Amino acid sequence: MKTIFREKFKVTQGYGPVHGGLDIVGLCGTDIISPIDGVVKSSAIITDKNNLTWEWGNYVRVDDGEGMRYFFCHMSSRSVKAGDKVKTGDKLGVMGNTGLSYGAHCHFEVRTGGNIRVNPAKILGIPNGCGTYTVESAPKWEKTSEGWRYGSLKNAWKQINGRWYWFDGRGIAVTGPLVVNGKTFWFASKPFHEVKECQLLMTDESGALR
Ligand SMILES: [Zn+2]
């Protein structure tokens, strides 16, 4: 699931022939965040009512790497400018009621590079209709009697805050030596200085810590 609001949001109007986007209200905050990595193509408000775009009020357009266009409308304020690079989760602006809008919400619209509207619910990975959705929260470190866990990671490498960890089949971060594909990796067996227990230790050829 992708999101344009943190934690929890409500879809108040679905996408269809008479409504080219999804109307979404943030329930745990009013920041509108980018659901994708991309580049800001527009950040504007059109006040000339001869131009239909005035209906969007304060709006931001972000294009992804494939040229898909994402529009976020009716903002009370905008936090980015054209040319800015944004990452998933970056703040784009604040939900509002500008343009042709009856109550604070975000009209979220997605178009192809050829300017053809597509179903934004599909992009977010939710049903196309009214409903309330909770965004899965980021995993956190959790200490168990067996060792450290990080969400539900199993049999996987994971880089967390710039450090590498290996999670075994039980989901426990490995400590001490581990052989993977014939190569030995060393993980801290206890915390010291800035090193977290179980983080991959970077060593030089002679095994000394770097
Ligand atoms: Zn709308």
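Per an unreviewed UniProt entry, the chain goes by the name Peptidoglycan DD-metalloendopeptidase family protein and belongs to Fumia xinanensis.

Trainee: Which residues make up the layout of surface pockets, and what are the values?
Mentor: Of the volumes computed, that of the largest pocket is approximately 390 Å³. Residue contributions to the lining of the largest pocket peak at three residues, all from strand 10 (residues 106–111). In terms of residue class, the lining of the largest pocket is built from seven nonpolar, eight polar and five charged. Computed from the structure, the second largest pocket encloses a volume of approximately 260 Å³.

Trainee: Help me get a handle on the sheet that holds strand 7 (residues 77–78), residues and values and all.
Mentor: Strand order in the open sheet formed by three strands is 3-9-7, and the pairing between neighbours is antiparallel. In this open sheet, the two strands that pair with only one neighbour each are strand 3 (31–33) and strand 7. Alignment of strand 7 against strand 9 (residues 91–94), held across two bridges, turns out to be antiparallel. Looking across to strand 9, one finds that S77 is bridged to V94.

Trainee: Give me the lowdown on the pattern of salt bridges, citing residues and values where you can.
Mentor: As enumerated under the stated definition, the model contains eleven salt bridges in all. For the salt bridge of D31 with K91, the shortest nitrogen-to-oxygen distance reads 3.3 Å. Placement of the pair is D31 in strand 3 and K91 in strand 9, with a sequence separation of 60 residues. Assessed through its relative accessible area of 23%, D31 is described here as partly exposed. A relative accessible area of 35% places K91 in the partly exposed class.

Trainee: Outline the nonpolar core, listing residues and values.
Mentor: Counting residues in each nonpolar core, the largest one holds 27 residues, and the members touching the most others are I4, F5, I24, V62, F72, F108 and I126. Within the residue set of this core, elements represented by two or more residues are strand 1 (8–13), strand 2 (22–26), strand 5 (58–63), strand 6 (69–75), strand 10 and helix 1 (120–124).

Trainee: Describe in detail unusual backbone geometry, supporting the description with residues and values.
Mentor: Of note in this structure, N155 is not a glycine but carries a positive phi near 45°. Mapped onto the elements, N155 comes out in the loop between strand 14 (148–150) and strand 15 (156–160). For N161, which is not glycine, the phi torsion reads 50° and is therefore positive. Tracing the chain through its elements places N161 in the loop between strand 15 and strand 16 (163–167). For N161, a relative accessible area of 77% gives the class exposed.

The rules behind the values
- Residues numbered from 1 in each chain as written.
- Predicted model: local features only at pLDDT ≥ 70, side-chain atom pairs only at ≥ 80, totals over all residues.
- Heavy atoms only, no water.
- 1 Å grid on protein atoms, 1.4 Å probe; cavity = no way out; pocket = protein on both sides within 12 Å on 5 of 7 lines; lining within 4 Å.
- Points joined across faces, edges and corners; volume = space filled by probe spheres on them.
- Helix = DSSP H or I, 4+ residues; strand = E, 2+ residues; numbered from the N terminus.
- Nonpolar A, V, L, I, M, F, W, Y, C, P; charged D, E, K, R; others polar.
- Pairing = 2+ DSSP bridges.
- Salt bridge = Lys/Arg side-chain N within 4 Å of Asp/Glu carboxyl O.
- Buried < 20%, exposed > 50% of the residue type's maximum accessible area, 1.4 Å probe, protein only.
- Core = buried A, V, L, I, M, F, W, Y, C linked by side-chain atoms within 4.5 Å.

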